[in-house]
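Secondary and tertiary structure notes
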Amino acid sequence: GQLHLHSGKSGDSHTAPEVVADWYAARGFDFIVFTDHNVVTDTPDRPSMLTMPGVELTQNPSRCEPPPDPGQGCLLHVNALFLTSPNTSVVFPEPSPLSRVEIFRRGLKEASRLGGIAQINHPNFHRALDVDLLVTLAGEGAALLEVANEAVDSENQGDARQPSTEALWDAALTRGARLFGTATDDAHHYFDADAVRAAGDVAHVGDRGFVMVRAEKRASAIRDAVLRGDFYGSTGLFFDRLELSPEAIAVDVRGSVPVTIEVIGAGGVVLKRVDSASLRFDPREAPAGYVRVRAKDGNGKRAFSQPVWTRPKSD
């Protein structure tokens, strides 16, 4: 499934919602959630694919505190997913106060009003937030974090001043935040991608980041599974088996390309690494906190599980 995509209703895409749905259906997706900028969008379901309403609550105020770096902006975005409200538009006036935490809170409150699951989007895009702010938001309604927003400008890797999005996630989890990680497309271009490139622009295309959800193919079942973290994020790598509990972890990766699987614990520490398509691990052997699994193949495709909260055997 896809949790972040745009259509012509966003203003920065020129593809009709129905065509976007056809594009994803043709690529084997089971569901998509529309997340146009401040506009709730949905289309009729396809025979092979569910489409569900969502919105990217897009706040780009002219100022915020702390202020952005030179040449950057205050781009503080929250997805509201699996909405229960009808199609509508959202208007955000210039904020007062200007603090980033209050601006994000406004997005979280709107996501709740719309009946959606709140996802913090592209946290490294224009350095939207740091770990302190992320921990605060996790305690105030944010359920999901885009760990792998696969847009070309999302800056997932971080730099000398900003940790990677994965390191940011680990830092928040280590401090007790309960956040599930997602992989997404943030796509804006579809059948028109070649024309966008020919015009000298960057095409923000899809089918690069997605989630695999363990649920029946019903909107309510998918929503419930995402809310309880019964899914994993992927940029093209698949788990044939992913069993996670506080007592046992069992992972089998699909395919014949060489793969490395790691168990990550509190502080982002690698607790176990195998160059194999299978891994077994007892979380009770880990320090108190959490463990999660990530895998990467020789082509650079990745997959990552959600955290399991742990207590050592001695406890």
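Here goes a summary of the coordinates provided. (Residues numbered from 1 in each chain as written. Predicted model: local features only at pLDDT ≥ 70, side-chain atom pairs only at ≥ 80, totals over all residues. Heavy atoms only, no water.)

**Here we look at helix α1 (residues 17-26)**
The set of residues buried in α1 consists of P17, V20, A21, W23 and Y24. Around the axis of α1, the buried residues are gathered within 160° of arc, so they sit on the same side. On its buried face, α1 is in contact with β1 (31-33) and β2 (50-52). (Buried < 20%, exposed > 50% of the residue type's maximum accessible area, 1.4 Å probe, protein only. Helix = DSSP H or I, 4+ residues; strand = E, 2+ residues; numbered from the N terminus. Arc of directions from axis to C-beta. Contact = heavy atoms within 4.5 Å.)

**Some points on the state of the cysteines**
Under the defined criterion, the tally for this structure stands at one disulfide. Disulfide pairing places C64 opposite C74 at an S-S distance of 2.1 Å. Disulfide C64 to C74: torsion about the S-S bond roughly -85°, handedness left-handed. Taken together, the positions of C64 in the loop between β3 (55-59) and β4 (76-81) and C74 in the loop between β3 and β4 put the pair ten residues apart, joining distant regions of the chain. Side by side, C64 and C74 carry an identical accessibility label, which is buried. (Disulfide = S-S within 2.5 Å.)

**Quick word on the sheet that holds strand β14 (residues 278-281)**
Here three strands make up an open sheet; going across it, the order is β10-β11-β14 and the pairing antiparallel. Each having just a single partner strand, β10 (239-244) and β14 make up the two edges of the open sheet. Neighbour to neighbour, the strand axes of the sheet diverge by 5° on average, direction disregarded. Where strand β11 (residues 249-253) and β14 come together, four bridges link them in antiparallel fashion. Its bridge partner lying in β14, V251 is registered against L279. (Pairing = 2+ DSSP bridges. Axes fitted to C-alpha atoms, helices over the stretch in contact; angles between N-to-C directions.)

**Section: unusual backbone geometry**
Here the amide bond leading from E65 into P66 is cis, since omega sits at -5°, within 30 degrees of zero. Phi at R127 takes a positive value of approximately 50°, unusual for a residue other than glycine. Relative to the helices and strands, R127 is located in the loop between β5 (117-120) and α3 (131-138).

**A closer look at the nonpolar core**
The biggest cluster of nonpolar side chains holds 37 residues, and the ones touching the most others in it are L57, F104, I120, L129, L137 and L179. Elements that contribute at least two residues to this core include exactly β3, β4, α2 (100-113), β5, α3, β6 (142-149) and α4 (165-174). Ignoring anything within four residues of it in the chain, the contact list for I120 reads H77, V78, F104, L108, L129, L137, A142, L144, L145 and E146. If you look at the next biggest cluster of nonpolar residues, it comprises 19 residues, including Y232, V251, F281 and V308. (Core = buried A, V, L, I, M, F, W, Y, C linked by side-chain atoms within 4.5 Å.)

**Overview of the environment of A286**
As for its position among the elements, A286 is in the loop between β14 and β15 (289-297). What makes A286 buried here is its relative accessible area of 3%. Separated by 21 residues in sequence, A286 and G265 have C-alpha atoms that sit 7.3 Å apart. What A286 contacts, discounting residues up to four positions off in sequence, is L271, F281, V291 and P312.

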